[in-house]
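The lines below spell out each chain.
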Amino acid sequence: MSENTSFHLNQEMRLEILLLAYEKQIDAIINHNELSFKVFSWSTTLLLALVGYVMTQNPNLRILDRLLLSIATLVLFSMTFWWQKQNFVETTEHGQNVEKLHQILHLTEPDYFVNGPVLEREIHMALAKSRAKSGLSPYNLILLVMTIVALSALWTR
């Protein structure tokens, strides 16, 4: 008594689904980029607070205090660096999905549609690609420099 309940989508429904998938991928890239900036802001703020704390304290901080602050700084750097790198991997995957959808939907072919391409490539795509190639971002590089500054402030005061 098994019935064949296959469901076939017409061309218009397929296009709607593809456009929705495209929109969701772009939204994911934008969200990843915004979250990446927030994590960067929070971590650099903590590093700046650490440098400010060290600068305003007595230059004779105990070795144990310096060690604990150094460990906390390195843990913050490691966690943030790793998170940023994972975020870039996910952003790249979304970018690759968008590229596939561009090809399927012919969104960047100037002569495919009467009035030119429906959508232009988003700046978020270029950003995602450039970050993914190196595995690093300007955020991680700045974070590395700030970590070095925080550690040197801790041990040279």
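What you see is a predicted model, and the numbers here were worked out from it, not measured in a lab.

1. Quick word on the packing of aromatic side chains
(1) Moving on: All chains considered together, the criterion is met by four aromatic pairs.
(2) Moving on: Note on Phe 37 and Phe 40: the rings are 6.3 Å apart at their centroids and 40 degrees apart in plane angle, and the pair reads as tilted. Taken together, the positions of Phe 37 and Phe 40, both in helix 1 (residues 11-56) and three residues apart, correspond to about one turn of that helix.
(3) Moving on: Residue Phe 40 is classed as buried on the basis of its relative accessible area of 12%.
(4) Moving on: Put simply, the rings of Phe 37, Phe 40 and Tyr 139 touch in pairs and so form one group of aromatic residues.

2. Re the nonpolar core
Generally speaking, a soluble globular protein has its nonpolar side chains buried in company with each other.
(1) Moving on: Counting 11 residues, the largest nonpolar core is built from Leu 47, Leu 50, Val 51, Val 54, Leu 76, Phe 77, Leu 143, Met 146, Ala 150, Ala 153 and Leu 154.
(2) Moving on: Breaking this core down by element, the ones donating at least two residues are helix 1, helix 2 (63-105) and helix 4 (138-156).
(3) Moving on: Broken down by element, the residue count for this core peaks at five residues, all from helix 4.
(4) Moving on: Residues Tyr 22, Ile 26, Ile 29 and Leu 101 belong to the second largest nonpolar core, which totals five residues.

3. Looking at the environment of Ala 72
(1) Moving on: Within the secondary structure, Ala 72 is located in helix 2.
(2) Moving on: On the accessibility criterion, Ala 72 (44% relative accessible area) is partly exposed.
(3) Moving on: Linking Ala 72 and Leu 50, residues 22 residues apart in sequence, is a C-alpha distance of 9.9 Å.

Calculation rules
- Residues numbered from 1 in each chain as written.
- Predicted model: local features only at pLDDT ≥ 70, side-chain atom pairs only at ≥ 80, totals over all residues.
- Heavy atoms only, no water.
- Phe/Tyr/Trp six-rings, centres within 6.5 Å; stacked < 30°, edge-to-face > 60°.
- Helix = DSSP H or I, 4+ residues; strand = E, 2+ residues; numbered from the N terminus.
- Buried < 20%, exposed > 50% of the residue type's maximum accessible area, 1.4 Å probe, protein only.
- Core = buried A, V, L, I, M, F, W, Y, C linked by side-chain atoms within 4.5 Å.

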